[in-house]
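# Structural overview for review
The chain contents come next:
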Amino acid sequence: MRPITPLRRLLTTLTATAAVALASTGAAVAVPAVGVPASTAPFSPASGPGPVLALRRVAELSAERLATADLVAAAKWGTTAPIDDPAREQQVLDAVAARATELGADPDEIRTVFRDQIEANKTVQRGLFRRWTDHPDQAPVTRPDLAVVRQEINRVTGALVEALAATATDRDAPACRPELALAALLVHHEDRLDALHTRALTRSLASVCR
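Below you will find a few notes about this structure.

Cut-off values and rules
- Residues numbered from 1 in each chain as written.
- Predicted model: local features only at pLDDT ≥ 70, side-chain atom pairs only at ≥ 80, totals over all residues.
- Heavy atoms only, no water.
- Helix = DSSP H or I, 4+ residues; strand = E, 2+ residues; numbered from the N terminus.
- Buried < 20%, exposed > 50% of the residue type's maximum accessible area, 1.4 Å probe, protein only.
- Contact = heavy atoms within 4.5 Å.
- Polar contact = N/O pair within 3.5 Å; in protein donor to acceptor, adjacent residues only side chain to side chain.
- Axes fitted to C-alpha atoms, helices over the stretch in contact; angles between N-to-C directions.
- Left-handed = near helix turned anticlockwise from the far one by under 90°.
- Nonpolar A, V, L, I, M, F, W, Y, C, P; charged D, E, K, R; others polar.
- Phe/Tyr/Trp six-rings, centres within 6.5 Å; stacked < 30°, edge-to-face > 60°.

To continue, consider unusual backbone geometry. Backbone geometry at R192 places phi at a positive 50°, although glycine is not the residue there. Topologically, R192 is positioned in the loop between α7 (176-191) and α8 (195-204).

Looking at where R171 falls in the secondary structure, it is placed in helix α6 (residues 168-172). Of the residues examined, R171 reaches a relative accessible area of 1% and is grouped as buried. For the pair R171 and L55, spaced 116 residues apart in the sequence, the C-alpha separation amounts to 7.9 Å. Sequence-distant contacts of R171, that is, excluding residues within four places in its chain, are made with L55, E109, I110, L164, C176, V208, C209 and R210. Reaching out from R171, the side chain makes a polar contact with the side chain of E109 at a distance of 3.3 Å. Among the polar contacts made by the side chain of R171, one reaches the main-chain carbonyl oxygen of L164 at a distance of 2.9 Å.

Now for the packing of helix α3 (residues 86-103) against helix α5 (residues 146-166). The interhelical angle for the contact between α3 and α5, taken along N-to-C directions, is 35°, at an axis separation of 10 Å. For α3 against α5, the interelement crossing comes out right-handed. On α5, the residues that touch R88, V96, R99, A100 and L103 of α3 are R150, I153, N154, T157, V161, E162 and A165.

Turning to the packing of α3 against helix α4 (residues 107-134), a few remarks are in order. At a minimum axis distance of 9 Å, the contact between α3 and α4 shows a crossing angle of 145°. For α3 against α4, the interelement crossing comes out right-handed. Taking contact as the criterion, the partners of E89, V92, L93, V96, A97, A100 and T101 in α3 are, on α4, P107, I110, R111, F114, R115, I118 and K122. Residue composition of the contact of α3 with α4, by class: nine nonpolar, one polar and four charged.

As for its position among the elements, E109 is in helix α4. Among the residues examined, E109 registers a relative accessible area of 14% and is labelled buried. Here E109 is in contact with R171 and R210, once residues within four sequence places are set aside.

We now examine the packing of aromatic side chains. Describing an aromatic ring pair means giving the distance of the ring centres and the angle of the ring planes. Taken as a whole and assessed by the stated rule, the structure comprises three aromatic pairs. Ring geometry for W77 and W132: centres 5.4 Å apart, planes at 75°, overall edge-to-face. Here W77, found in the loop between α2 (50-76) and α3, pairs with W132, found in helix α4; they are 55 residues apart in sequence, far enough to count as distant. According to the relative accessible area criterion, W132 is buried, its value standing at 8%. Joined through ring pairs, the aromatic side chains of W77, F129 and W132 make up one cluster.

Structural measurements only, silent on function.
Written out as structure tokens, the structure is:
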């Protein structure tokens, strides 16, 4: 069993808080729109020091990438397309490793982070499938073009690889986990993530700190 780190403890609390809010309202909370940065507001100095700003970019891009899972799920809903797509996943992992090498980052490390990103994306898809099965009235009535959605995923993925490469020193620092937890808290609050997307964000960030 993995130790309870500050990041896991804080984000577990966030998940529970979001779940309570979701249960009390009976409705999902909005998630970031695809193609729009998770936050367009300027970073407030009061929100944290420099490393938090750097890691906040990683958390923002992770949340933005997770937002595309809603469209992927809608594209697959009602079809025979499986949520698990090993061939596509391998393409993503190979691409991020190659880009990491170009940027002078550790390709194995970046690949590990993106395994978490992929699993987090599937967490959202499975959660939405369960929701739509239980509540057919909430199921999508249109089907996005998966090829177009994947272009957006590729864009965000490229930006996230660059952000990870640029924050190698911050991610190797002893304070990485609490700083990443604060960054995730800011993104959770500003994007008003529901319980499902909060849980997925936690999963997506599991290997960011070394």
